[in-house]
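Overview (structure and organization)
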Amino acid sequence: MSAPTAVLDGFQTRRRAARSRVLKPWYRNGSLMAGIGVIGFLVLVAILAPVIAPYDPIKQDLQNALASPGAAHWLGTDKYGRDVLSRLIWGARVDLRIGFLAVIIPFVVGSVLGGLAGYFGGWFDTIVMRIVDIFFAFPFYVMVIVLVFVLGSGEASIYLAIAAVSWVSYAKIVRGEVLVAKKQDWVTAAKLGGMSDARILTRHIGPNVLSQAIIYGTSDVVMDIMAIVTLGYLGLGIAPPTPEWGSMILDGQEFITTHWMQATIPGLVVVLVSLGMSWLGDGLSDLLNPERRK
Amino acid sequence: MFQRLRFVPARLLQAVPVIFGVTLLVFFMAHLLPGDPAVAILGEHATAARVTELRKQLGLDQPIWTQYFLFLGRLLQGDLGTSLTYQQPVSGLVLGAIPVTLSLLFFAVVLCLVISIPLAGIAATAPGKGRDLGVRIYTLLGQGMPQFWVGIMLILLFAVNLRIFPVGGFGDTPLDHIYYLALPALTMAIAMSPTIIRSLRSSTINVLGSEYVATARSKGAGGMPLFRGHVLRNAAIPTVSILGVNLGYLVGGSLVIEKVFALPGLGSLMINAIFTRDFPTIQAVALFVALFVVIVGILTDVVYTLLDPRVDLSSKVAA
């Protein structure tokens, strides 16, 4: 009597488990949705900055400098009387734009070099990996700071400096993935079928190995935003008076004893971005690598 | 023990091309400066005589490869050039700043372990439970905060409000130094701890599920003695290599932290040099930091081998 039910129960449980693992639609993935929610909200704020920011972010009002938060200025004003909330909103444009765009070049360059090195091996692999070792010896911030100095200040230099440093990680990740992938049966099958290396790489190996690079990319966006904010804090980033979170923290530090919110709030926004990206990364990782989930 | 360290000479040899590449990269950085490096270094308003003098000092009137080998030759003699701001040998400036940065790093690593080992232990002994979740939230937030901002927040809390620690500076006596380094070291420890906690947590969970821990338990071991004697050392092995890799990142972060707390270390030296366009000093700091990272990489392999008798790196290095 109970035996068939147990079997049925077992079957249903197994099916439910299988469904939750494989067929769970992306919109039922909690951390992915949390990530999309947070990042989507921040991107929307950045896009709508001209509409929603209550004040001009660079307009000075010295009469009204260092005003406390109130009805007129929700987060108060800075030392030049500029509205902090408006600067925060406009700052999202700069920091998020650079953070997301800066990932593109290193992603492409690193993935291509790492993929080719892993697939072909030999002298090309040796040379690429030695170059990786050399770049790896320079800590992220040292390299970025020196390169921004050498290339001159401005947004283009920041992209180049970040690209020069962070392609290394993509190259390492993709190379490792390709080394595993090229030993799989489906690659051997494709080779025996007479497929060209280019076709195998782009059609077969590429889609299978890039997911790790994409997941890493979500944390790399955070690294890049940290770099921009740090450069801004050091006074080496986007030139004032353009609103940028890092330089807002630098300005706020001066008044830390009297106006603690000035340095605190832009930092909290960065924390929010990081949380959002980290949820997005976890969600993507579930979605793209269901078999690797712990 | 020494048998297992026979990979060290080969590992050192392997580092040679990397160090060579590092010098090459640092050398050519000067040539990435747009226009005449001498003008770029001295600024637009420099006199022609000063430019010619610097061109000669930098060897810019020679072919580029000659310049590089001259640079390398001077480097081997410990000559890193002359600081344009202070008009004294850069090597002296760097040597003066190194102890500050190294003590900061050392202090930070110690504090990081003091934070990470208990938190990882707390999380690993109850995976999925409330305290594990608490530790997870800590690591998530810790990773998401800009390092320098953590420093400012600690200043706000401990220096401005509670008045326990100074806002910045390095002090005069060794005891002073420890007192002044407490907040910057804590900042870096917080920044690094999420990575260490995650690694230590997952390796501790693995070790706790192993047969030798079950055996130790069945013989009556438990609590702290079990954790110290059987779990920690084994769980620490993967974490050591992660600590080694992250030390490089930590050095980079320390440069920024020094700026936050006005510590006279390599970071302040480099960032001030950037504002005064003192290129020889920037080059020297970048070079030194990169060499440090290469050396730490080798030391990590040594510690890793000593901690884990099963590891044999001789084949990996030879390959």
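What you see is a predicted model; the values in this text were computed from it and never measured.

**Quick look at the overall build of chain B**
Scanning chain B from terminus to terminus reveals 13 helices and 0 strands. Ordered by position from N to C terminus, the α and β elements of chain B give α-α-α-α-α-α-α-α-α-α-α-α-α. Dimensions of chain B, computed from the C-alpha atoms along their principal axes, are close to 80 × 55 × 35 Å. Out of the 319 residues in chain B, the part that is buried amounts to 38%. Sequence-distant contacts in chain B: of pairs separated by 6 or more residues, those separated by 24 or more amount to 69%.

**Some points on the overall build of chain A**
Along the backbone of chain A there are 12 helices and 0 strands. Taking 19 Å as the expected radius of gyration for a compact globule of 294 residues, we find that chain A reaches 24 Å, considerably beyond that expectation. Principal-axis analysis of the C-alpha atoms places the extent of chain A at approximately 75 × 65 × 30 Å. The buried share of chain A, reckoned over its 294 residues, is 43%. In chain A, the proportion of contacts linking residues at least 24 apart, taken out of those at least 6 apart, comes to 68%.

**Some remarks on the interface of chain B and chain A**
How big an interface is tends to be reported as the loss of accessible area on association of its parts. In this complex, chain B contributes 38 residues to the contact, which on the side of chain A involves 34 residues. Counting residues per element, the ones that place at least two in the side of chain B that touches chain A are helix H1 (8-32), helix H6 (130-144), helix H7 (147-161), helix H10 (223-260), helix H11 (266-275) and helix H12 (279-307) of chain B. Sort the elements by how many residues they give to the side of chain B that touches chain A and H10 of chain B lands first, with 8 residues. Its residues assigned to classes, the side of chain B that touches chain A shows 31 nonpolar, 6 polar and 1 charged.

**Thoughts on helix H4 (residues 84-101) of chain A**
With 18 residues, H4 of chain A ought to run about 26 Å at 1.5 Å a step, and its terminal C-alpha atoms sit 25 Å apart, in line with that. Largest kink in H4 of chain A: about 30°, centred on Gly-91 of chain A.

**Quick word on the packing of H4 of chain A against helix H12 (residues 261-288) of chain A**
Residues and elements named next belong to chain A. The N-to-C vectors of H4 and H12 enclose an angle of 30°; their axes lie 11 Å apart at closest approach. Of the possible angle classes, the one that applies to H4 and H12 is roughly parallel. Read as a crossing pair, H4 and H12 show a hand that is right-handed. In contact with Val-84, Leu-88 and Gly-91 of H4, H12 contributes Gln-262, Ile-265, Pro-266 and Val-269.

**Overview of the nonpolar core**
In terms of nonpolar packing, the biggest core is built from 151 residues, with Val-144 and Val-146 of chain A together with Ala-189, Val-285, Ala-286 and Val-289 of chain B touching the most fellow members. Examining the composition of this core, we find that 17 residues originate from one element, helix H10 (residues 197-234) of chain A, more than from any other. Beyond its immediate chain neighbours, meaning those up to four positions away, Val-146 of chain A contacts Met-29, Ile-282 and Ala-286 of chain B. One finds Val-84, Leu-88, Ala-92 and Leu-96 of chain A within the second-largest nonpolar core, a separate group that totals 7 residues.

**Section: the environment of Ala-190 of chain A**
Residue and element names in this part refer to chain A. Among the structural elements, Ala-190 can be located in helix H9 (residues 185-192). Residue classification places Ala-190 among the partly exposed residues on the basis of 18 C-beta atoms within 10 Å. For the pair Ala-190 and Ala-72, spaced 118 residues apart in the sequence, the C-alpha separation amounts to 67 Å. Among all residues touching Ala-190, those that are not within four sequence positions of it are Met-195, Ile-200 and His-204.

**As for the confidence of the model for chain A**
Residues and elements named next belong to chain A. Mean pLDDT for chain A: 84, with 90% of residues reaching 70 or above. For chain A, per-element mean pLDDT is lowest for helix H1 (residues 2-23), which scores 49, and highest for helix H5 (residues 104-120), which scores 93. Across residues 1-8, where pLDDT falls below 50, the model places 0 contacts with residues more than four positions away in sequence or in other chains.

**Thoughts on the environment of Ala-263 of chain A**
Looking at the secondary structure, you find Ala-263 of chain A in helix H12. For the pair formed by Ala-263 of chain A and Trp-74 of chain A, sequence separation is 189 residues and the distance between their alpha carbons is 15 Å. With sequence-adjacent residues up to four places away left out, Ala-263 of chain A is seen in contact with Ile-249, Gly-252, Gln-253 and Ile-256 of chain A together with Ile-152 of chain B.

**Quick notes on unusual backbone geometry**
With an omega of 10°, the peptide bond between Pro-240 of chain A and Pro-241 of chain A qualifies as cis. You can see Pro-241 of chain A is positioned in the loop between H10 and helix H11 (245-253). Of note, Gln-87 of chain B is a non-glycine position whose phi angle comes to about 55°, a positive value. Here Gln-87 of chain B lies in the loop between helix H4 (64-76) and helix H5 (90-124). Residue Gln-87 of chain B is classed as exposed on the basis of its C-beta count, with 7 C-beta atoms lying within 10 Å. Non-glycine residue Ala-262 of chain B carries a positive phi angle of around 50°. Counting through the fold element by element, Ala-262 of chain B comes out in the loop between H10 and H11. A count of 14 C-beta atoms within 10 Å places Ala-262 of chain B in the partly exposed class.

What counts as what
- As a convention, each chain's residues are numbered from 1 in the sequence order in which they are written.
- Note on labels: chains are lettered from A, ligands numbered from 1, in written order.
- Totals for whole chains, interfaces and linings use every residue, but because this is a predicted model, local features are given only for residues with pLDDT of at least 70 and side-chain atom pairs only at 80 or more, for both listing and counting.
- Working definition: helices are DSSP H or I runs of at least four residues, strands are E runs of at least two. Numbering for both runs from the N terminus.
- Around each residue's C-beta, the other C-beta atoms within 10 Å are counted; 20 or more make the residue buried, 12 or fewer make it exposed, and counts in between make it partly exposed. All C-beta atoms are placed from the backbone.
- Note on contacts: each residue gets a C-beta atom placed from the backbone, and two residues are in contact if those atoms are within 7 Å.
- Atoms counted for the radius of gyration: C-alpha only. Globule rule: 2.2 Å times the number of residues to the power 0.38.
- Under the scheme applied here, ten amino acids are nonpolar (Ala, Val, Leu, Ile, Met, Phe, Trp, Tyr, Cys and Pro), four are charged (Asp, Glu, Lys and Arg), and all others, including Gly, are polar.
- Each residue after the first adds 1.5 Å to the expected span of a helix.
- Each residue is assigned a bend, namely the angle between axes fitted to the seven residues that terminate at it and the seven residues that start at it.
- Orientation is described by axes fitted as lines to C-alpha atoms, over the contacting stretch for helices, and by angles from 0 to 180 degrees between their N-to-C directions.
- The labels follow the angle: roughly parallel below 35 degrees, roughly antiparallel above 145, roughly perpendicular from 65 to 115, and oblique for the rest.
- Helix crossings fall into two classes, left-handed where the near helix is turned counterclockwise from the far one by less than a right angle and right-handed where it is turned clockwise.
- By our criterion, buried Ala, Val, Leu, Ile, Met, Phe, Trp, Tyr and Cys residues that link up through C-beta atoms within 7 Å make up a nonpolar core.
- Confidence of the predictor at the level of single residues is given by pLDDT, which spans 0 to 100.

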